[in-house]
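# Structural characterization, general
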Amino acid sequence: MNQLKNNFTTILACSFFLLLFSCDSDEYPTENYMHLYINGYEWEAFQFQVTSTQNSNGEVEIAIIATAELNEAVIIGIQGFPDEIQSRTQEITSLANGDFLGYREEGNATGIETHSSFGCTTIDGSIFIDEYNTDEGYISGTFGGTVCSTGAQDVVTFSSGEFLRISLDQ
């Protein structure tokens, strides 16, 4: 009887530890997900609007609008030739390269950004595309930078930004 009690206790303890270590609440989703820090506060989105078009010179223009509660949004614009988009870091320096970061304040009813990487006196930001898979229809990458409202007011900083397997067909 004592042996049965010890076996039961061992099985119960092992089951508890298996359950404890198999549930990792800090794990992020692996697709259709964006995570970043906005002015140091954690922010995430699961809702996306994506447009992907090809302009007259053959470059692809992709706009990702990630929306959270109260219509708050982070916007990423990427432009480049299809074979050059993946595995490149694009430093955001001017409107000429087509890459940009944007932000829409929560509660703003309009569909456009309230802040842009080009609203700042000093343009600062970068986007790195880890994966651009047109066959499976998704894009992943990392980003960070500063966006400002008109006249370089109300600076908003994005840090540790990542977007994971965002569907290009949204």
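Below is a summary of the structure that appears in this document. This is a predicted model, so every value here is computed, not measured.

Let us now look at the pattern of salt bridges. Note that side chains of opposite charge can pair when their charged atoms are close. This model, assessed by the stated rule, comprises two salt bridges. Arginine 88 is the partner of aspartate 99 in a salt bridge, and the nearest nitrogen-oxygen pair spans 3.6 Å. Taken together, the residues aspartate 99 in the loop between strand 6 (89-91) and strand 7 (100-104) and arginine 88 in the loop between helix 2 (82-85) and strand 6 connect sequence positions 11 residues apart. The pair aspartate 99 / arginine 88 is uniform in exposure class, with both members buried.

Once that is clear, we can look at the nonpolar core. Counting 29 residues, the largest nonpolar core has Met34 and Ile64 as the members making the most contacts within it. Setting aside anything within four residues of it in sequence, one finds isoleucine 64 in contact with Met34, Phe48, Gln49, Val50, Val74, Ile75, Ile76, Ile78, Ile139, Phe163 and Ile166.

Once that is clear, we can look at the pairing of strand 11 (residues 153-167). Taken together, the five bridges between strand 1 (residues 33-38) and strand 11 define a ladder with antiparallel strand orientation. In the sheet register, tyrosine 37 faces strand 11, and the bridge partner there is serine 159. Examined bridge by bridge, strand 10 (residues 138-149) and strand 11 share nine bridges and lie antiparallel to one another. Each bridged residue has a counterpart across the sheet, and for threonine 146 the counterpart in strand 11 is threonine 157. Hairpin connection, strand 10 to strand 11: the antiparallel pair is bridged by three residues, and glycine 151 has positive phi, about 80 degrees.

Counting across every chain of the model gives four aromatic pairs. Between tyrosine 103 and phenylalanine 158, the ring centres sit 6.2 Å apart and the planes meet at 70 degrees, which makes this aromatic pair edge-to-face. You can see tyrosine 103 sitting in strand 7 and its partner phenylalanine 158 sitting in strand 11, a full 55 residues away along the chain. By relative accessible area, phenylalanine 158 is classed as buried at 2%. Taken together, the ring pairs in this structure connect Tyr103, Phe143, Phe158 and Phe163 into an aromatic cluster. Above the face of the tyrosine 138 ring, arginine 165 is positioned so that its terminal group lies 3.8 Å from the ring centre.

This part covers unusual backbone geometry. Glycine aside, negative phi is the norm for most residues, and most peptide bonds take the trans geometry. Residue leucine 70 is not a glycine yet carries a positive backbone phi of 60 degrees. Tracing the backbone through its elements, the reader meets leucine 70 in the loop between strand 4 (60-67) and strand 5 (73-80). Phi is positive for arginine 165, which is not a glycine, with a value near 40 degrees. Structurally, arginine 165 can be placed in strand 11.

A complete count under the given rule lists one disulfide for this structure. A sulfur-sulfur separation of 2.0 Å characterises the disulfide bridge that pairs cysteine 120 with cysteine 148. Here the disulfide of cysteine 120 and cysteine 148 is right-handed, its torsion about the S-S bond being about 100 degrees. Here cysteine 120 is found in the loop between strand 8 (115-116) and strand 9 (125-133), whereas its partner cysteine 148 is found in strand 10, with 28 residues between them in sequence. Of the two residues, cysteine 120 and cysteine 148, neither departs from the other in class, the shared state being buried.

To continue, consider a negative patch on the surface. Negative charge collects at one region of the surface, where Glu69, Glu105, Glu106 and Asp154 lie side by side. Relative to the helices and strands, glutamate 106 is located in the loop between strand 7 and strand 8.

Rules used throughout
- Residues numbered from 1 in each chain as written.
- Predicted model: local features only at pLDDT ≥ 70, side-chain atom pairs only at ≥ 80, totals over all residues.
- Heavy atoms only, no water.
- Salt bridge = Lys/Arg side-chain N within 4 Å of Asp/Glu carboxyl O.
- Helix = DSSP H or I, 4+ residues; strand = E, 2+ residues; numbered from the N terminus.
- Buried < 20%, exposed > 50% of the residue type's maximum accessible area, 1.4 Å probe, protein only.
- Core = buried A, V, L, I, M, F, W, Y, C linked by side-chain atoms within 4.5 Å.
- Contact = heavy atoms within 4.5 Å.
- Pairing = 2+ DSSP bridges.
- Phe/Tyr/Trp six-rings, centres within 6.5 Å; stacked < 30°, edge-to-face > 60°.
- Lys NZ or Arg CZ within 6 Å of the ring centre and 35° of its normal.
- Disulfide = S-S within 2.5 Å.
- Patch = residues over 30% accessible without salt bridge, like charges linked within 9 Å, V, L, I, M, F, W, Y side chains within 5 Å.
- Areas by Shrake-Rupley, 256 points an atom, 1.4 Å probe, with all protein chains shown as cover.
- Lys, Arg positive; Asp, Glu negative; His and termini not counted.
- Charge placed at Lys NZ, Arg CZ, Asp CG, Glu CD.

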